[in-house]
Amino acid sequence: MSEEPDLEALRREVREWIPKNVPANWRERQAGDNIEGFLECQREWLAKLVEAGYATPHWEHEWPGGGRSLPEQVVIFEEMARGDAPRMSLFFVSLYHAAMTLQECGSQAQKEKYLPGILRGDVWVQGFSEPGAGSDLASLKTRAVLDGDHYVVNGQKIWSTLGHFADHCLLLVRTDPDAKKQAGITFLLMDMKTPGIDVRPIKQITGDEEFAEMFLDNVRIPVANRVGEENKGWGVAQVTLSSERGLTLVELVERLYGSLWRLLEAATKGGFAAEALDVEDRRRIVDITARVEALRAMVGEAMVRKAAGNEQLGDASILKLAYARILRDFCELGMKLEGIGSQRFENFVLGAGYETSNWMFDFMNSYQWNIAGGSNEIQRNIVSERMLELPRG
Amino acid sequence: MMDIETIDPEELRDAAARMLGDMVERRAPYDPGKSADRAGLYGAMVEQGWLLLTVPAEMDGLGQSFVALAPIYEELGKAISPVVLAPSLAALELLAFNPGDALTELAAGIAGGEARVAVADQGSVSVAGGTLSGALTGVLADESATHLLLLGADGQAWIADLSAASVIAQDSWDRSRILHDIVLDGVAAQAALAAPDQAATGRVRAHCDLAIAWDNAGGHARILDETLDYLRTRKQFDRAIGSFQALKHRAADHKVDLEVARGAARNATRAFAAGAADAVTVAAQARLVTETAYRAMAEDAVQLHGGIGFTWEHDCHLFLKRAILNELLYGRAGERRDRIAPAVLAKMAQGRA
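Residues numbered from 1 in each chain as written. Chains lettered and ligands numbered in written order. Predicted model: local features only at pLDDT ≥ 70, side-chain atom pairs only at ≥ 80, totals over all residues. Heavy atoms only, no water.

Novice: Which parts of the structure should I look at to understand the pattern of salt bridges?
Specialist: Counted under the stated rule, the structure contains 61 salt bridges over all chains. The residue Glu 251 of chain A makes a salt bridge to Arg 87 of chain A at a minimum N-O spacing of 3.3 Å. Placement of the pair is Glu 251 of chain A in helix H8 (residues 247–258) and Arg 87 of chain A in the loop between helix H4 (70–82) and helix H5 (92–105), with a sequence separation of 164 residues. Here the salt bridges share partners, and the residues they tie into one network are Glu 10, Arg 13, Glu 74, Glu 75, Lys 78, Lys 255, Glu 259 and Arg 262 of chain B. (Salt bridge = Lys/Arg side-chain N within 4 Å of Asp/Glu carboxyl O. Helix = DSSP H or I, 4+ residues; strand = E, 2+ residues; numbered from the N terminus.)

Written out as structure tokens, the structure reads:
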């Protein structure tokens, strides 16, 4: 497909910029037992991106590189994936979830207080899920009680991405326990240095500690840190959850597409020639390649629809489910192609995405996508009930 | 060259859906005392100009790309059309290369509706002194196919008049499609191309693959819709069975697979229309993705309908039979994967920059 001239120019610009600016040896520096290296590398990368205006193309005009159209943002994400730049793991919630929530729902004072800090590298986390409120998020129980000009918060949050490095938290609390569940929720901004917050990293099946749980014990949060009105936090949370506008998938699918060669590498690691591949394995490679290419085309088309305002109900769920299945199958195939070699423990790279050629790690890590951001089961409910109009149970 | 106006594919789709809705009684081949009016339907397709769509403008055709055919093929799949157009239209692909006189003449016949083509790989057919000898089995063609387009492995292609061959229509499980056994005993043949060209014959095969891919996507969409209707209305334990999560999640998975399949078909259609270097591979891949998804849907439709889905009276088996036949046309699925594997692996290796 030929592209608009200005998109093509942007694509060229980003493509030239990446190799000159990607932190050198980032894979080595972000290796799993080197947290300091990961943090340092991510900060260095954010500074570069901010300087070039590639960190905030989705922000308003007055910000560096801001005011870009959705197709332009897609180009930037595609090129970052194609150029094998590190993902923005540490700052993604800050740049998207926090910033978009503040820009759309925050007060002027909140915008002025927090947005510049995001560009300087403040890390934000989401404090939404709870042990008892996963798929059924609106049943959250963390309680906030007004005490003068502060809310006093008690409860427990979980699955906060990189919460142990966070400076601020987007927090959902229950302010009215008697209202219908969505109607009693308030949205707060919590400074992670406030007394009473205990953050504990969660060790995942990979051994990585990407998520954290947070225990909140009489944490005092100023009323000035409330976003929107009291008990109207559910609507604000919807803005937070839709803030990345499908760009994550653009990046992830592009990275998956750009990683297809890794299957060949896995199959030939022991010195085998590609021609010596087992017939069945070759056929599996043909199939997974076909599905990845189809998915890539779908994501491209979905973003065109979104940019034109023609997004359809369920589009996002279909893409998420399709990617989840294809990603898992891709990782599983790589693992099987590498054979017993895939079972030797190797240190993983933090924030490298799902395709690191550390196949057992990638395979286990791919479960994350099946659960986070609305589990596969919730997505199937959305597709079947809202899109296919099957009756609710 | 004269300006060619691009016809809106969605307009073609609407027209096709209307016409097929009026003319195709999908149960006709299955019900006693009825049969499909294939000649009438073919005539209507000719009248609608479908056979002219991809004929070049300089041959008084409409000069459209495959993009115009895609919605028609998809609607044919939805309707379980008893008429097959793809082999004739695929033969027209050769016009873009270095056609011999026999091909130009055949193309004029296809465009006018008089000539109908069966496409087959050479297999064990031998070519000697301008004649073809040997037997072909399971060849998909319209009941009144007039010509055979035989594709060699080396880029050769021959055209033979079928009136000089023994052509026997076999009963198929899928009664919407007719398979033929063809015996050639020194049947005169002419070269379709002035010189052998693998790119040309590859394009004919890819056209067939893509047509089947869209047939799959169309059939998949239709049987999914009909299964959803059943899930919404069939009650057991005092509730619509579609409200059971075990069933609705299966339906959601089929919808996801359908969308991936359509994505593959659209992607391949764009590549094919643009003449992309990997268009043949991508078309074969699109067919693989769509056929796997369609068959899974058609199989599960029988199960999701329960006992009624297992009856002759119900239409589930029409889709199941079509899905399975589609999967077996022009070579087994494994062989088709093997055929494109070298190109797929080569492309992957390029990604390792």
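Novice: I would appreciate a short explanation of the packing of helix H6 (residues 198–233) of chain B against helix H7 (residues 245–273) of chain B in the present structure.
Specialist: A pair of packed helices is characterised by two quantities: the angle between their axes and the separation of those axes. All names here are of chain B. Following both chains from N to C, one finds H6 and H7 inclined at 155 degrees, their axes separated by 10 Å at the closest point. The angle between H6 and H7 places the two elements in the roughly antiparallel class. Crossing of H6 against H7: the hand is left-handed. Along the contact surface, H6 presents Arg 203, Ala 206, His 207, Leu 210, Trp 214, Ala 217, His 220, Ala 221, Leu 224, Leu 228 and Leu 231, while H7 presents Leu 247, Ala 251, His 254, Lys 255, Asp 257, Leu 258, Arg 262, Ala 265, Arg 266, Ala 268, Thr 269 and Phe 272. (Axes fitted to C-alpha atoms, helices over the stretch in contact; angles between N-to-C directions. Parallel < 35°, antiparallel > 145°, perpendicular 65-115°, else oblique. Left-handed = near helix turned anticlockwise from the far one by under 90°. Contact = heavy atoms within 4.5 Å.)

Novice: What should I look at first to understand the domain arrangement of chain B in this one?
Specialist: One frequent convention defines the size of an interface as the accessible area lost when the parts assemble. All names here are of chain B. Domain annotation for chain B reports domain 1 (1–83), domain 2 (115–196) and domain 3 (199–351). The gap between the C-alpha centroids of domain 1 and domain 2 is 24 Å. Across the boundary between the two partners, domain 1 contributes 9 residues, which contact 10 residues of domain 2. Each partner contributes to the roughly 820 Å² buried at the junction of domain 1 and domain 2, and carbon and sulfur atoms together form 45% of this total. At the junction of domain 1 and domain 2, the tally comes to 0 salt bridges. (Domains from an automatic or database assignment. Buried area = accessible area lost by both parts, 1.4 Å probe.)

Novice: Whenever I open this one, the packing of aromatic side chains confuses me. Can you help?
Specialist: Two aromatic rings, taken as a pair, are described by how far apart their centres are and by the angle between their planes. All names here are of chain A. Applying the stated criterion to the full structure yields 16 aromatic pairs over all chains. Between the aromatic rings of Trp 17 and Tyr 54, the centroid separation amounts to 5.0 Å while the plane-to-plane angle is 90 degrees, which identifies the pairing as edge-to-face. Of this pair, Trp 17 sits in helix H1 (residues 5–21) while Tyr 54 sits in the loop between helix H3 (35–52) and H4, and the two are 37 residues apart along the sequence. Ring centres 6.0 Å apart and planes at 90 degrees place the aromatic pair Phe 128 and Phe 187 in the edge-to-face group. Placement of the pair is Phe 128 in the loop between strand S1 (124–127) and strand S2 (143–147) and Phe 187 in strand S5 (residues 185–191), with a sequence separation of 59 residues. For the residue pair Phe 128 and Phe 187, the accessibility class agrees, reading buried in each case. Cluster of aromatic residues (ring-pair linked, three or more members): Trp 17, Trp 45 and Tyr 54. (Phe/Tyr/Trp six-rings, centres within 6.5 Å; stacked < 30°, edge-to-face > 60°. Buried < 20%, exposed > 50% of the residue type's maximum accessible area, 1.4 Å probe, protein only.)

Novice: Quick question: what am I supposed to make of the interface of chain A and chain B here?
Specialist: Taken together, the contacts link 39 residues of chain A with 40 residues of chain B. Interface area for chain A against chain B, summed over the two sides, is near 3,400 Å², with a carbon-plus-sulfur share of 65%. Between chain A and chain B we count 7 salt bridges in total. Residue Arg 270 of chain B pairs with Glu 301 of chain A through a salt bridge whose shortest N-O separation is 2.9 Å. At the junction of chain A with chain B, the criterion picks out 15 residue pairs in polar contact (both at pLDDT 80 or more). Among the elements that make up the side of chain A that touches chain B, the one with the highest residue count is helix H10 (residues 279–307) of chain A (14 residues). Residue composition of the side of chain A that touches chain B, by class: 23 nonpolar, 4 polar and 12 charged. (Polar contact = N/O pair within 3.5 Å; in protein donor to acceptor, adjacent residues only side chain to side chain. Nonpolar A, V, L, I, M, F, W, Y, C, P; charged D, E, K, R; others polar.)

Novice: It is not clear to me how the nonpolar core should be interpreted in this structure. Could you clarify?
Specialist: As a rule of thumb, soluble globular proteins bury nonpolar side chains together. Core analysis: the biggest nonpolar cluster contains 218 residues, and Met 80, Val 153 and Tyr 323 of chain A together with Met 45, Trp 50, Tyr 73 and Leu 149 of chain B have the highest contact counts within it. Counting residues per element, this core draws most heavily on H6 of chain B, which supplies 15 residues. Apart from residues lying up to four places away in sequence, Tyr 323 of chain A is in contact with Leu 249, Leu 252, Val 253, Leu 256, Leu 295, Tyr 354, Glu 355 and Trp 369 of chain A. The next biggest cluster of nonpolar side chains, apart from the first, holds 17 residues, and it includes Ala 118, Val 139, Leu 148 and Val 187 of chain B. (Core = buried A, V, L, I, M, F, W, Y, C linked by side-chain atoms within 4.5 Å.)

Novice: Help me understand H1 of chain A, please; the structure alone is not making it clear to me.
Specialist: Residues and elements named next belong to chain A. Between its terminal C-alpha atoms H1 stretches 24 Å, which fits the 24 Å expected from 17 residues at 1.5 Å a residue. Every buried residue belonging to H1 is among Leu 7, Leu 10, Arg 11, Val 14, Trp 17, Ile 18 and Asn 21, and all of these are buried. On an axial view of H1, the arc spanned by its buried residues comes to 140 degrees, and they lie on one face. Residues of H1 that are exposed and angled more than 90 degrees away from the buried face: Pro 5, Glu 16, Pro 19 and Lys 20. On its buried face, H1 is in contact with H3 and H4. (Expected span 1.5 Å × (residues − 1). Arc of directions from axis to C-beta.)

Novice: Sorry, what's going on with the environment of Ala 192 of chain B here?
Specialist: Residues and elements named next belong to chain B. By the secondary structure assignment, Ala 192 is in the loop between strand S7 (179–191) and H6. With 92 residues separating them along the chain, Ala 192 and Gly 100 place their C-alpha atoms 5.2 Å apart. Every residue in contact with Ala 192, bar those within four places of it in the chain, is listed here: Leu 94, Asn 98, Pro 99, Gly 100, Leu 103, Leu 149, Ala 157, Trp 158 and Ile 159.

Novice: I tried to follow the side chain of Asp 174 of chain B on my own but got confused; where do I start?
Specialist: All names here are of chain B. With respect to the element layout, Asp 174 can be found in the loop between strand S6 (166–170) and S7. At 4.4 Å, Arg 322 is the nearest oppositely charged side chain to Asp 174, a buried residue that forms no salt bridge. Among all residues touching Asp 174, those that are not within four sequence positions of it are Tyr 30, Lys 321, Arg 322 and Leu 325. (Lys, Arg positive; Asp, Glu negative; His and termini not counted.)

Novice: Teacher, can you tell me more about the domain arrangement of chain A here?
Specialist: All names here are of chain A. By domain assignment, chain A separates into domain 1 (5–87), domain 2 (124–233) and domain 3 (247–387). A separation of 22 Å is found between the C-alpha centroids of domain 1 and domain 3. Listed per partner, the contact involves 21 residues of domain 1 and 20 residues of domain 3. Roughly 1,800 Å² of surface becomes buried between domain 1 and domain 3 when both sides are summed, with 63% attributable to carbon and sulfur atoms. Of all residues in domain 1, Arg 27, Phe 77 and Arg 87 bury the most surface against domain 3, accounting for 36% of the area lost on that side. Here domain 1 is connected to domain 3 by 2 salt bridges.

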